[in-house]
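Each chain, written out:
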Amino acid sequence: MVDNKANMEAGKNATREMEASSIAKRAYIRNPGKIGFYFRQEKWVLLIVTISGITYNVGMVAGPWFEGQLVQRLFDIIQGRKQFQDMVFLAILYVVVILFVQLVRYMKRLYVRKFANHVNRDMKQILYSGILQKSKLELEAEGTGNLMTKAVSDINLCSEGMRKFTTEIFDTGVVMIAYMGMLLYYDWRLALLSALFPPIAYVIAEKLKKKVTKNVSAYKESAGKLNSATMDRVSNAITYRVFGQEQHQNELYDQHLVDYEKKAIWANIWENAMQPLYRIISMMSVVFILLFGVANVLGRGWTVWNIAAFTTFLSCFTKLATKSSKAAKLFNAVQKASVSWKRIRPFMVREQETNWQNTVKPAPLTAHELAFRYAEEDGLKGEYLFEHVAFKAKPGEMIGITGPVACGKTTFGKLFLGELEYEGVLSFGNQELKALYRNENRGVVGYMGHQPQLLSSTIEDNILLGEDGDVWPYLRAVCIEEEIRQMPSDIHTLIGDGGVRLSGGQQTRIELARSLYHRRPIIILDDPFSAVDQRTEKEIIVNLKEFAKDSIVFLISHRLSVFPELSQVFWMEKGLIHVADHKQLMEQYSDYRQLYQLQMGGDRHEA
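About the thresholds
Residues numbered from 1 in each chain as written. Predicted model: local features only at pLDDT ≥ 70, side-chain atom pairs only at ≥ 80, totals over all residues. Heavy atoms only, no water. Helix = DSSP H or I, 4+ residues; strand = E, 2+ residues; numbered from the N terminus. Contact = heavy atoms within 4.5 Å. Phe/Tyr/Trp six-rings, centres within 6.5 Å; stacked < 30°, edge-to-face > 60°. Buried < 20%, exposed > 50% of the residue type's maximum accessible area, 1.4 Å probe, protein only. Lys NZ or Arg CZ within 6 Å of the ring centre and 35° of its normal. Patch = residues over 30% accessible without salt bridge, like charges linked within 9 Å, V, L, I, M, F, W, Y side chains within 5 Å. Areas by Shrake-Rupley, 256 points an atom, 1.4 Å probe, with all protein chains shown as cover. Salt bridge = Lys/Arg side-chain N within 4 Å of Asp/Glu carboxyl O. Expected span 1.5 Å × (residues − 1). Arc of directions from axis to C-beta. Pairing = 2+ DSSP bridges. Axes fitted to C-alpha atoms, helices over the stretch in contact; angles between N-to-C directions. Right-handed = clockwise from strand over helix to strand, strands pointing away. Core = buried A, V, L, I, M, F, W, Y, C linked by side-chain atoms within 4.5 Å.

J.: Would you mind going over the side chain of Thr 402 with me for this structure?
T.: Positionally, Thr 402 belongs in strand β3 (residues 398–402). In this view, Thr 402 contacts Lys 409, Ser 557, His 558, Leu 560, Phe 563, Phe 570, Trp 571, Met 572 and Tyr 592; residues no more than four positions away in its chain are not counted.

Here it is in structure tokens:
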């Protein structure tokens, strides 16, 4: 146990250091709702990309020049004006130059990929933070399927679009300028004439912008609906089967699938099928080069060329036209990424501090004449679910909440989230919780519902939610470390929509590990041990007391085996909440005593 506690403390210290580093990194966040923010974040990486990108793409013109010189050298050898060793020396020099250019290219591609990975990571971190700042009602209105699509697909598309944009700024923009400079150097009139057709490909791509955007947007919307339908089908499969609705739901699902397939096809057609057309249009100027370039070689054109000049000019133009067609495709890729950006932008908000230890200090929690009733417009009678509640709790206390089915335990827990209007006083420190909620309650209360809310991502992502940290101490605290280590990819294992690849007990413990990692001064745990055995439950409670020793923890549960070890117990019955410790409740309330004895299998008053 001593070693376990030492490991926990070491893990927490390491995590705090990582959190502090992450906080320092985020201190200069200005506006993550703008694309430019992510470029500024990686300015030093982009500086290396810029230097290597310019070097590589300017060096690309060496290829056409050497190709022209090699053709000329071969012609001179045939004519007897040059020796074979002259060709060998030129070929070796060509190989050396190309090797250097390709080495610089590798450097550029490496740092462009690093840039894209960093952007992807930062976007996910900010998106997860944005999701955490939304209320449960806002998240439900948004739709789970759409949120999953945003988290997994849209961010990947945005970062990939930014990667392509950064890459093509150099591999298309800079190299096209270099090729165009070479063409102007050899024959500026023919260069300008040859440049007539490539811009037409750009114009066509711009004209198709609305078409591409419309089809990609429809595809994304259909993907979100399909995700939601998939989750509904998995979650409610038994219900549909029992009530004879399985065939009907299968037909509805097939309709979503067919719609998704059609819109995915059209989205890809408009993005990819135009590529050959762009290339054909860009290459049409080769007719001018063959006509006027030959005249230059024969001495009857605008300037005098040899075979090397003609070959270099033709090679430069061919590469320029190819890059032109790719630039047009790039426009469409950026348009596609912009659709995804618009979808996730509402969640890309200024990141709030998630480590409450640096912002919100632990404080007592006090309730006086606390009461709750549903509004009459909700279709209910407006009767009090509970009233006249009074209690005091201080940091380090763990409080149990229990009572008969439908007595309001979960509703009581949700009062702390600010989603329900309560009567009376509920204050944290010297501030009313309702007023605090409007400003900074997201840094005060942590909540784990009785239905696990897991993302369709890895185990690590579900715990960190975009932060940087070590999840193993928290997995160890909730007694799931060994199970995770036996999985194919341990913490990097994908758990599927809503955690469908995990058992119920694994789902709740993953979410509990998340609550401990993102611990708050007040932590609400709604039935976290329903799917674990009592031995595991007691071990988790011991670890929970250690990890959350600066927090007030409310444990909502039907199982009372650990209640004798808790600081206070709230017994809810008949619209009242009786606040005492376990021993007092056993002595004063027969229903509580009978429930505890029934679960423990004996006539004991103490655990």
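J.: Looking at this model, I keep getting lost on the packing of aromatic side chains. Mind explaining?
T.: Two measures describe an aromatic ring pair: the distance that separates the ring centres and the angle between the ring planes. Applying the stated criterion across every chain, the model contains 20 aromatic pairs. Here the aromatic rings of Phe 372 and Phe 386 are separated by 6.3 Å at their centres, their planes lie at 35 degrees, and the arrangement is tilted. In this pair, Phe 372 sits in strand β1 (residues 365–373) while Phe 386 sits in strand β2 (residues 384–393), placing the two residues 14 residues apart along the sequence. Pairing Trp 571 with Tyr 592 gives two aromatic rings, centres 5.4 Å apart and planes at 75 degrees, and the pair type is edge-to-face. Remark: Tyr 592 occurs in helix α24 (residues 590–600) and Trp 571 occurs in strand β9 (residues 568–573); sequence separation between them is 21 residues. The exposure class of Trp 571 is buried, given its relative accessible area of 2%. Ring pairing ties together the aromatic residues Phe 372, Phe 386, Phe 391, Phe 412, Phe 416, Phe 554 and Phe 570, which thus form one cluster. Note that Arg 485 overlies the ring of Trp 472, its terminal NZ or CZ placed 3.9 Å from the centroid.

J.: Explanation requested: a nonpolar patch on the surface in the structure shown.
T.: Taken together, the side chains of Ile 48, Leu 103, Tyr 106, Met 107 and Leu 110 define a hydrophobic patch exposed on the protein surface, amounting to about 470 Å² of accessible area. A total of 4 residues in the nonpolar patch trace back to one element, the largest contributor, which is helix α5 (residues 84–132). When you line up the elements, Tyr 106 lands in helix α5. Classification of Tyr 106 as exposed rests on a relative accessible area of 54%.

J.: Is there a simple way to explain helix α3 (residues 43–59) in this structure?
T.: Working note: α-helix, 3.6 residues per turn, so residues spaced by three or four point in the same direction. Between the first and last C-alpha of α3 there are 24 Å, a value that for 17 residues agrees with the 24 Å anticipated at 1.5 Å per step. Buried within α3 we find Val 45, Leu 46, Val 49, Ser 52, Gly 53, Tyr 56, Asn 57 and Gly 59. Projected down its long axis, α3 shows its buried positions confined to an angular sector of 155 degrees, all on one face. Facing away from the buried side of α3, by more than 90 degrees, are the exposed residues Lys 43, Trp 44 and Ile 51.

J.: Whenever I open this one, the sheet that holds strand β10 (residues 576–580) confuses me. Can you help?
T.: Through backbone hydrogen bonds, the strands of a sheet pair up, either in parallel or in antiparallel fashion. Reading across from one edge, β6-β7-β8-β3-β9-β10 is the order of the 6 strands in this open sheet, with mixed pairing throughout. Lying at the two open borders of the sheet, with one neighbouring strand each, are β6 (445–448) and β10. Within this sheet the neighbouring strands show an average axis-to-axis angle of 15 degrees, counted without direction. Of the pairings in the sheet, the one linking strand β7 (residues 522–526) to strand β8 (residues 552–556) comprises 5 bridges and is parallel in character.

J.: What's the story with the pairing of β7 in this structure? I'm lost.
T.: Taking burial as the measure, the 5 residues of β7 include 5 buried ones, the bulk of the element. Neither face of β7 is left uncovered, since the one carrying Ile 522, Ile 524 and Asp 526 and the one carrying Ile 523 and Leu 525 both have all their residues buried. In terms of strand pairing, β6 meets β7 through 4 bridges, oriented parallel. Paired with Gly 446 across the two strands is Ile 523, which belongs to β7. Crossover β7 to β8 through helix α22 (residues 534–547) is right-handed.

J.: How should I be thinking about the environment of Gln 599 in this particular structure?
T.: Along the chain, Gln 599 turns up in helix α24. In this structure, the C-alpha to C-alpha distance between Gln 599 and Ser 561, residues 38 residues apart in sequence, is 7.6 Å. Apart from the residues lying within four places of it in its own chain, the contact partners of Gln 599 are His 558, Arg 559, Leu 560 and Ser 561.

J.: Sorry, what's going on with the nonpolar core here?
T.: As a rule of thumb, nonpolar side chains are buried together in soluble globular proteins. Formed by 47 residues in total, the largest nonpolar core has its most connected members in Ile 463, Leu 475, Ile 484, Ile 510, Leu 525, Leu 544 and Tyr 592. Element by element, the count of residues in this core is highest for helix α21 (residues 504–517), at 5 residues. Excluding anything up to four places from it in sequence, Leu 544 contacts Met 398, Leu 516, Leu 525 and Val 553. Ranked by size, the runner-up nonpolar core spans 31 residues in total, among them Phe 391, Ile 522, Ile 524 and Phe 554.

J.: It is not clear to me how the pattern of salt bridges should be interpreted in this structure. Could you clarify?
T.: Side chains that differ in charge, positive against negative, can pair when their charged atoms come close. What the rule picks out here adds up to 12 salt bridges. With a closest N to O distance of 3.3 Å, Asp 259 and Lys 263 form a salt bridge. Of this pair, Asp 259 and Lys 263 both sit in helix α12 (residues 246–272), 4 residues apart, which is roughly one turn of the helix. Within the structure, one salt-bridge network assembled from shared partners comprises Arg 113, Glu 160 and Arg 163.

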